[in-house]
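# A look at the structure
Each chain is listed here by its residues.
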Amino acid sequence: MHTKARIHADPVLDFDQFDCLPDSLVLLILNKLEDVRSLGRCSAVSKRFSGLVPLVHDVCVKIDRVVTVDGDSDNALNLSSPKPQNILSHLFKLMLFAITKPFHDMNNPNGAGRPLFPQLSQHSPAQVLKNFSHVRNLRVELPSGDVGIEEGVLLKWRAEYGSTLQNCVILGGTLVNRKAAGNEHEPSLDDNGSMPESFYTNGGLKLRVVWTISCLIAASTRHYLLRSIINDHPTLRSLVLVDADGQGALCMGTEQLKDFREHQLSASACSNRTQVPACNMKLKYAPYLELPGGLALQGATLLVIKPASDGSSGGHGSRKEAEAFVSGAFDGPLRFAVKALMKRRTYLLEMNGF
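Throughout this document, residue positions are counted from 1 along each chain, in the order its sequence is written. Thresholds applied to this predicted model are a pLDDT of at least 70 for local features of residues and 80 or more for the giving and counting of side-chain atom pairs; totals over whole chains, interfaces and linings are not thresholded and use all residues. The side-chain numbers reported here are obtained from all heavy atoms of the structure, hydrogens and water having been left aside.

## Section: the sheet that holds strand β1 (residues 58-62)
- The rule for pairing is simple: two strands pair if DSSP sees at least two bridges between them. Each helix is a run of H or I in the DSSP string that is no shorter than four residues. Each strand is a run of E no shorter than two, and both are numbered from the N terminus. Taken in spatial order, the 9 strands make up an open sheet running β1-β2-β5-β6-β3-β4-β8-β7-β9, and their pairing is mixed. Looking at strand neighbours, the two that pair on one side only are β1 and β9 (347-351), the edges of this open sheet. Neighbour-to-neighbour, the strand axes of the sheet open up by a mean angle of 15 degrees, direction not taken into account.
- The pairing of strand β7 (residues 279-291) with strand β8 (residues 295-307) spans 12 bridges and is classified as antiparallel. Paired with Lys282 across the bridge in β8 is Val304.
- Lying on the sheet, helix α8 (residues 204-225) is in contact with β2 (137-142), β3 (153-161), β4 (165-177), β5 (238-243), β6 (248-252), β7, β8 and β9; it crosses β3 at an angle near 45 degrees. Helix axes are fitted only over the stretch in contact, all axes being lines through C-alpha atoms; the angle between N-to-C directions runs from 0 to 180 degrees. When checking whether two residues touch, look at their non-hydrogen atoms; a contact exists if any pair is within 4.5 Å.

## Describing the packing of aromatic side chains
- Aromatic rings from Phe, Tyr and Trp, with only the six-membered ring used for Trp, were paired whenever their centres fell within 6.5 Å, and each pair was classed as stacked if the ring planes differed by under 30 degrees, edge-to-face if by over 60, and tilted otherwise. Going through the model one piece at a time under the given rule, you end up with 2 aromatic pairs.
- Seen from their ring centres, Phe199 and Tyr200 are 5.9 Å apart, and the 85 degrees between their planes marks the pair as edge-to-face.
- With a relative accessible area of 43%, Tyr200 lands in the partly exposed category.
- Geometrically, the ring pair formed by Phe199 and Tyr285 is tilted, given 4.5 Å between the ring centres and 55 degrees between the ring planes. Highlighted residues: Phe199 in helix α7 (residues 198-201) and Tyr285 in strand β7, separated in sequence by 86 residues. The same class applies to Phe199 as to Tyr285, namely buried. Accessible area is worked out with a 1.4 Å probe on protein chains only. A residue is then buried under 20% of its type maximum, exposed over 50%, and partly exposed in between.

## As for the UniProt feature "domain: F-box" (unreviewed entry) in the chain
- UniProt positions are given in the numbering used here, feature names are shortened, and annotations may be inferred rather than shown by experiment. According to UniProt, the feature "domain: F-box" (unreviewed entry) maps to residues 18-53 in the numbering used here.
- Its end C-alpha atoms 16 Å apart, residues 18-53 is made of 69% helix and 0% strand.

## So, the environment of Ser266
- Its location among the elements puts Ser266 in the loop between α10 (254-262) and β7.
- Remark: the alpha-carbon pair of Ser266 and Pro277, spanning 11 residues in sequence, is separated by 9.4 Å.
- In contact with Ser266, not counting residues within four places along its chain, are Thr274 and Gln275.

What follows is the structure in structure tokens.
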């Protein structure tokens, strides 16, 4: 008859091996995590994690749903109420509630039911990020693009900001599946690189102007919304504000953040956004542009925008930096489109500040 073996806990193995890891290694792991919600949950795991999470360098704030907040009529977002006139203001409100909920629902494991971050009751993303004292790289993602477009239309933009607009590139057109379209949209044999007369008569130029103004308003509104976060985090080296649709991206590097802090922000008098300065624009156009992967861009348009007051625009170094910004603005087939359009004839436009 076989005797039953009894299993006893080894007191030596009772020790938590994770405690042997140095804080620097744990911080490295947390930096790979990035997501602000996941970091908030990690803060509730232990007292040690609660002290390490605020020290992470890389943070990503992803906004993917609307969260209604009860008990605060002034700050709650009522889904049945009409949206604000400025869509960016509405998206910003979505940000307030979506990123605060994981922290707001957490209780401090050592605090007898007290919230881990009590100041989050103000529902402000700046308040959420104030718990992170060493943020260097911050990425914020909105739930959708800011500029409404028709189905099938491609519109992408990327803007670089300091205290004001420094560079902006816009790529637009109508995406066409070459295989499905057959020969219907083949490039014209008489395309000599010039703008066709139909571009002026069928509303093509007017549409591009609307795209330009809409993208600049979207970029300047995002820029304005970030001012409190930038001022509260002197350790920031990189800041990117994108959207889940991949329509637009606002970027700020070390030099841009320094410029933002050292110069006064010029706000627009009519809305909650930064003043868009007077700009010089280079427009490049191709009636039909074939892209890799069986796609094509009909009415392909590239707009490169710089402030008219940029005194360094004539410098060789500045010109190379601007060209690098344009060529690296997009990835994949869109990078190919930008490269092809850069070889096209350039049309110069001017726009007053607004």
